[in-house]
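These are the residues of each chain, in order.
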Amino acid sequence: MWRQGQNLLRRASPILIVLPHSSNSSYGIRQIITGSASSSSPSVSIWRRKKEMGKEGLMVAKELKRLQSNPVRFERFIKSHVSRLLKSDLVAVLAEFQRQDLVYLSMRLYEVVRKEIWYRPDMFFYRDMLFMLARNKKVDEAKKVWEDLKQEGVLFDQHTFGDLVRAFLDGGLPSEAMHIYDEMRRSPDPPMSLPYRVILKGLLPYPELRGKVKDDFLELFPDIVVYDPPEDLFDEEEWRKESEDH
């Protein structure tokens, strides 16, 4: 009973979401406070804190991996054990599944987290999910997560947008990357040159798409020079590989 009461108090406490903001530097902070009351001392978003898993979290993670091939027992375990995890353990288990690129288990815990009473929309929560899905080329799941964050009104800062576009490009998903880039262009945050440079570098294998982004970059930052590699760079690399093969 004492532990249940403690859990209820934790779930009822206010949440402080800390979002990076691109005002004068890439490390500026914009704070959005949600919950029943405000706090005089800001805290870091739970999705950015060091995630240490307790014994119960370790047990749950192990069982979820073991039971995922048995849908009936898996669902029963979700209801009986996962929903009882402390917030810190639930966050840590999700982070570990993301680290191991366990897409199905990550998506299931993603849904569990969003139903928790303490849950608040958070940029870093969605960022980490999309990074993992990009690495694993999971287009349908990424679309669902993107729809969820749009419905919840989550806004990425310019640096996070740039990192996400680059992640999808590195994952071989240029169409999805450009969709995120279009969202970045419509963002209310003022544009910054560094995220565009990150994207332009990731677009080297896609010259046509890179030309579009380069035009946007030059329009936004006319005084900044864009480095263009030699046009025959990739031809030279292919020729070198063929020479080595022979």
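Calculation criteria
Residues numbered from 1 in each chain as written. Predicted model: local features only at pLDDT ≥ 70, side-chain atom pairs only at ≥ 80, totals over all residues. Heavy atoms only, no water. Helix = DSSP H or I, 4+ residues; strand = E, 2+ residues; numbered from the N terminus. Buried < 20%, exposed > 50% of the residue type's maximum accessible area, 1.4 Å probe, protein only. Contact = heavy atoms within 4.5 Å. Areas by Shrake-Rupley, 256 points an atom, 1.4 Å probe, with all protein chains shown as cover. Phe/Tyr/Trp six-rings, centres within 6.5 Å; stacked < 30°, edge-to-face > 60°. Axes fitted to C-alpha atoms, helices over the stretch in contact; angles between N-to-C directions. Parallel < 35°, antiparallel > 145°, perpendicular 65-115°, else oblique. Left-handed = near helix turned anticlockwise from the far one by under 90°. Nonpolar A, V, L, I, M, F, W, Y, C, P; charged D, E, K, R; others polar. pLDDT = per-residue confidence, 0-100.

The protein chain appears in an unreviewed UniProt entry as Pentatricopeptide repeat-containing protein At1g62350-like from Nicotiana tabacum.

Now for the overall build of the protein chain. Along the protein chain, the regular secondary structure elements total twelve helices and two strands. Listing the helices and strands of the protein chain from first to last along the sequence gives α-β-β-α-α-α-α-α-α-α-α-α-α-α. Buried residues in the protein chain amount to 40% of all 246 residues. If you take every contact in the protein chain between residues at least 6 apart in sequence, the share linking residues at least 24 apart comes to 63%. By element, 53% of the accessible surface of the protein chain is carried by carbon and sulfur atoms, the whole surface being about 14400 Å².

Moving on, we come to the packing of aromatic side chains. The relative placement of two aromatic rings is captured by the distance of their centres and the angle of their planes. Inspection of the entire model under this criterion finds twelve aromatic pairs. Consider the rings of Trp-146 and Phe-156, whose centres lie 5.9 Å apart with planes at 40°: the pair is tilted. With a gap of ten residues between them, Trp-146 in helix H7 (residues 139–151) and Phe-156 in the loop between H7 and helix H8 (158–170) connect regions that are remote in the sequence. Each member of the pair, Trp-146 as well as Phe-156, is classed as buried. Aromatic side chains Tyr-181 and Tyr-196 sit 6.0 Å apart centroid to centroid with 85° between the ring planes, which places their arrangement in the edge-to-face category. In this pair, Tyr-181 sits in helix H9 (residues 174–185) while Tyr-196 sits in helix H10 (residues 193–202), placing the two residues 15 residues apart along the sequence. Both residues of the pair, Tyr-181 and Tyr-196, belong to the buried class. Ring pairs connect the aromatic residues Trp-47, Tyr-110, Tyr-119, Phe-125 and Tyr-126, which therefore count as one cluster.

All right, on to the packing of helix H2 (residues 55–67) against helix H4 (residues 87–99) then. Where H2 meets H4, the axes come as close as 9 Å, and the angle between the chain directions of the two elements is 45°. With respect to their mutual orientation, H2 and H4 come out oblique. Crossing of H2 over H4 shows right-handed handedness. In this structure, H2 uses Glu-56, Gly-57, Ala-61, Leu-64 and Lys-65 to contact H4, whose residues at the interface are Asp-89, Val-93 and Phe-97. Partitioning the contact of H2 with H4 into residue classes produces four nonpolar, one polar and three charged.

Right, let's get into the environment of His-159. Structurally, His-159 can be placed in helix H8. Separated by 32 residues in the primary sequence, His-159 and Pro-191 have C-alpha atoms spaced 9.4 Å apart.

Here we come to the confidence of the model for the protein chain. Looking at the protein chain, pLDDT values average 81 and 76% of them are 70 or higher. pLDDT under 50 marks residues 1–42. Its contacts with residues more than four places away, or in other chains, come to 65 contacts. Scored below 50 in pLDDT, residues 232–246 shows two contacts in the model against residues more than four places distant or in partner chains.

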